[in-house]
Amino acid sequence: MRLRKRSGGRRTRIPAPHSIPVIEPGGRLRATPSEPSRGRRKRASGGAPRWNWTAFLRKLDTVLAYAVLTTLSASLWFSPRTQLQTLQITGVPEPARATVQAQLASCLQTPIPLSDLPRRAERTLQQMGWVADATWRPQTPHQAQLRVQPREPFIEVRYPNGEKRYLDPTGFLFHAPKPPAMVSGGVIRTTTPAEPPADGEMKHPAMRRAFEVLKAVHEAGRTRQARILIAESGELLLYCQPHAHDFELTFRLGDAAPLSEQIPLICQILAHADTQMARWEYVDIKSPAAPAIKLTGGEVHE
């Protein structure tokens, strides 16, 4: 208990006594020590701080553990045994192998970092027109395989300057690094003197219509050696040979009627082909409702 007294008009603090006098029942006087303060004992001013070695050792143990883990991770990341050293590329035609190696020159480094290499290598090859798909497949920690799936040359496109392009079954136009000896879908010839377009989707309407006709005739399975000539006017001339026959039929197609009406008529004629059709010079189906047949002698029948 702290007491204050007045001294000269001011209050001063009375220090607590170190002992309290107590009168016992027999009249005996004895002094009892005061109760110790229950508050936090203050450190004497000017004394040296005490070092908490237990907390320091705990923190040092954690820091050393993180340092060891960081060192191991760095050694594993930069170790040649855990980095890609060999990349095997399969599915690439031999004439295009040098081009693929040049395209992947920025990726094929020794050692090869594995952070973005798989997706970057796949995107690099998929930007090439003749590549349908590229798949990265790891084999061992230091070896991987990059499988390339070339596009299927389904239809051959011939230009007046002698260059050739190919269409896959989806209608994608591309330049094949290794041209096939024969295609299954047929041949498209154009008479328009123009440079071949870049690889990509077909934008020419007549080329798109010719592709749809050849694809439908091929899927019907009623002909062989089909080819289409695209005239400068946009008219399509279809030449095809029915199965089990040696003669060739010619169909003239226009854009007045949709192909959905002209293609079924072509498939129907090919399905019922006979030897009498060898006298036909061409079949005009620009108007499917009234097709015209011109015989070799010049006679026209509707």
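Residues numbered from 1 in each chain as written. Predicted model: local features only at pLDDT ≥ 70, side-chain atom pairs only at ≥ 80, totals over all residues. Heavy atoms only, no water.

1. Things to note about the overall build of the protein chain
Right, on to step 1. Counting its regular elements, the protein chain contains five helices and 18 strands.
Right, on to step 2. Taken over 302 residues, the protein chain has a buried fraction of 33%.
Right, on to step 3. Approximately 20,600 Å² of the protein chain is accessible, and the part contributed by carbon and sulfur atoms is 53%. (Helix = DSSP H or I, 4+ residues; strand = E, 2+ residues; numbered from the N terminus. Buried < 20%, exposed > 50% of the residue type's maximum accessible area, 1.4 Å probe, protein only. Areas by Shrake-Rupley, 256 points an atom, 1.4 Å probe, with all protein chains shown as cover.)

2. Details of the nonpolar core
Right, on to step 1. Formed by 38 residues in total, the largest nonpolar core has its most connected members in Ile188, Leu238, Phe251 and Leu253.
Right, on to step 2. Going through the elements one at a time, strand E8 (155-158), helix H4 (205-220), strand E13 (223-230), strand E14 (236-242), strand E15 (249-253), helix H5 (259-271), strand E16 (280-284) and strand E17 (292-295) are the ones with two or more residues in this core.
Right, on to step 3. A total of seven residues in this core trace back to one element, the largest contributor, which is H4.
Right, on to step 4. In this view, leucine 238 contacts Val213, Leu214, Val217, Arg227, Ile228, Leu249, Thr250, Phe251, Leu253 and Ile266; residues no more than four positions away in its chain are not counted.
Right, on to step 5. Membership of the second largest hydrophobic core comes to 22 residues, among which are Ala96, Met128, Trp136 and Ala144. (Core = buried A, V, L, I, M, F, W, Y, C linked by side-chain atoms within 4.5 Å. Contact = heavy atoms within 4.5 Å.)

3. Details of the pattern of salt bridges
Right, on to step 1. Applying the stated criterion across every chain yields a total of nine salt bridges.
Right, on to step 2. Across the pair arginine 227 and glutamate 248 runs a salt bridge, and its minimum N-O distance is 2.6 Å. You can see arginine 227 sitting in strand E13 and its partner glutamate 248 sitting in the loop between E14 and E15, a full 21 residues away along the chain.
Right, on to step 3. Judged by its relative accessible area of 34%, arginine 227 is partly exposed.
Right, on to step 4. Given a relative accessible area of 34%, glutamate 248 falls into the partly exposed group.
Right, on to step 5. Each member of the salt-bridge network shares a partner with another, and the members are Glu156, Arg158 and Lys164. (Salt bridge = Lys/Arg side-chain N within 4 Å of Asp/Glu carboxyl O.)

4. Here's the deal with the packing of H4 against H5
Two quantities define a packed helix pair, namely the angle between the helix axes and the distance between the axes.
Right, on to step 1. At a minimum axis separation of 10 Å, H4 and H5 run at an interaxial angle of 35°. Here the hand of the crossing between H4 and H5 comes out right-handed. Between H4 and H5, the contacting residues are Arg209, Glu212, Val213, Ala216, Val217 and Ala220 on the first element and Leu259, Ile263, Ile266, Cys267 and Leu270 on the second.
Right, on to step 2. Of the residues that constitute the contact of H4 with H5, the class distribution is nine nonpolar, no polar and two charged. (Axes fitted to C-alpha atoms, helices over the stretch in contact; angles between N-to-C directions. Left-handed = near helix turned anticlockwise from the far one by under 90°. Nonpolar A, V, L, I, M, F, W, Y, C, P; charged D, E, K, R; others polar.)

5. Some details on the state of the cysteines
Two cysteines whose sulfur atoms are joined by a covalent bond form what is called a disulfide.
Right, on to step 1. Going through the model one piece at a time under the given rule, you end up with zero disulfides.
Right, on to step 2. With no disulfide of its own, cysteine 240 lies closest to cysteine 267 among cysteine sulfurs, the gap being 9.3 Å. (Disulfide = S-S within 2.5 Å.)

6. Quick look at the environment of arginine 119
Right, on to step 1. Mapping arginine 119 onto the fold places it in helix H3 (residues 117-126).
Right, on to step 2. The partly exposed category is assigned to arginine 119, whose relative accessible area is 42%.
Right, on to step 3. Each C-alpha atom of the pair arginine 119 and alanine 134 lies 9.7 Å from the other, and the pair is 15 residues apart in sequence.
Right, on to step 4. For arginine 119, the side chain forms a polar contact with the side chain of glutamate 122, separated by 3.0 Å. (Polar contact = N/O pair within 3.5 Å; in protein donor to acceptor, adjacent residues only side chain to side chain.)

7. Looking at the pairing of E15
Right, on to step 1. Among the five residues in E15, four count as buried, and that is most of the element.
Right, on to step 2. Bridge analysis of E14 against E15 gives five bridges, and the strand direction is antiparallel. The partner of leucine 236 across the bridge, within E15, is leucine 253.
Right, on to step 3. Remark: six residues form the turn of the hairpin made by E14 and E15, two consecutive strands paired antiparallel; alanine 244 in that turn has positive phi of roughly 65°.
Right, on to step 4. Alignment of E15 against E16, held across two bridges, turns out to be parallel. Bridging across to E16, phenylalanine 251 finds its partner in valine 283.
Right, on to step 5. Each parallel crossover has a hand, and for E15 linked through H5 to E16 it is left-handed. (Pairing = 2+ DSSP bridges. Right-handed = clockwise from strand over helix to strand, strands pointing away.)

8. Concerning unusual backbone geometry
Right, on to step 1. Its identity is not glycine, yet glutamine 225 carries a phi of approximately 55°, on the positive side.
Right, on to step 2. Residue placement: glutamine 225 occurs in strand E13.
Right, on to step 3. Looking at glutamine 225, the relative accessible area reads 60%, which means it is exposed.

Coordinates in, geometry out; function isn't part of it.
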